[in-house]
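Read off the chains here:
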Amino acid sequence: MSVSTFVIAVVGLILAVASLVWHLATFVLSGRRVKVEPQQGAMRTDGSRMLTSPANFDRVSRSQRFVERGFTRLVVGVLVRNVGRLPVAVGRWSLVACSRERGSSGGLWGVETVRELLELTPIAVGSIGPPLAHHLEAGASELWVADGEQVRKFADDAKSTFDVSTV
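So, how was this worked out
Residues numbered from 1 in each chain as written. Predicted model: local features only at pLDDT ≥ 70, side-chain atom pairs only at ≥ 80, totals over all residues. Heavy atoms only, no water. Helix = DSSP H or I, 4+ residues; strand = E, 2+ residues; numbered from the N terminus. Buried < 20%, exposed > 50% of the residue type's maximum accessible area, 1.4 Å probe, protein only. Contact = heavy atoms within 4.5 Å. Core = buried A, V, L, I, M, F, W, Y, C linked by side-chain atoms within 4.5 Å. Polar contact = N/O pair within 3.5 Å; in protein donor to acceptor, adjacent residues only side chain to side chain.

Colleague: Whenever I open this one, the overall build of the chain confuses me. Can you help?
Modeller: When its secondary structure is counted, the chain shows 3 helices and 9 strands. Helices (α) and strands (β) of the chain occur, in sequence order from the N terminus, as α-β-β-α-β-β-β-β-β-β-β-α. Counting every position in the chain, which comprises 167 residues, the buried fraction comes to 23%. If you take every contact in the chain between residues at least 6 apart in sequence, the share linking residues at least 24 apart comes to 64%.

Colleague: For this particular structure, what's the right way to read the nonpolar core?
Modeller: Across soluble globular proteins, you tend to see nonpolar side chains buried next to one another. Of all hydrophobic cores here, the largest spans 12 residues; its members are Val78, Val80, Val88, Val90, Trp93, Leu95, Leu120, Leu136, Trp144, Ala146, Val151 and Phe154. Among the elements of the structure, β3 (73–82), β4 (88–90), β9 (141–147) and α3 (148–162) are those that each provide at least two residues to this core. Contact partners of Leu136, with chain neighbours within four places excluded, come to Val80, Arg81, Asn82, Pro87, Val88, Val90, Ser141 and Glu142.

Colleague: Could you clarify how one ought to interpret the environment of Gly70 in this entry?
Modeller: Inspection of the secondary structure puts Gly70 in the loop between α2 (59–68) and β3. Residue Gly70 is classed as partly exposed on the basis of its relative accessible area of 29%. Along the backbone, Gly70 and Ala42 are 28 residues apart, and their C-alpha atoms lie at a distance of 9.1 Å.

Colleague: I'm lost on the side chain of Asn82 in this one. Help?
Modeller: Secondary-structure assignment places Asn82 in strand β3. Here Glu137 takes part through its backbone oxygen, which lies 3.3 Å from a polar atom of the side chain of Asn82. Discounting residues that sit within four places of it in the chain, Asn82 has contacts with Arg33, Pro87, Val88, Leu136, Glu137, Ala138, Gly139 and Ala140.

What follows is the structure, given as structure tokens:
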């Protein structure tokens, strides 16, 4: 085998791998892709302004900071981002409470498995955000929230009635 044949074969292999990676990337990135991020925050009582941030487990201190700034109505919701190339329609959003089993018999490799599932879709409690079904263009994002007191009642009811964890 000559050196030139070897070089041409290596270049051909590199181009074939690059082409395969490019086609896989365009397949994954094309179409409808939505990312959802849980949010927590607070509104002023009159509804004029709202602060939100990604949800975490530091609820007490963050809630106190909101109240100190005059934001007394707690809210919980979702930030929906369209990261794909095509527009999507958001028809509804909801919060989920579930109970989990843990252990070697509870799932694959001892991973937690969902035993029961309860869902709160903020229709009756009032969804704050654009009306649903909402058309979300490529690269756009929207925020929907529900009243934190109603969400807390849902969590308490789920825990007491169905023994469902809210963490």
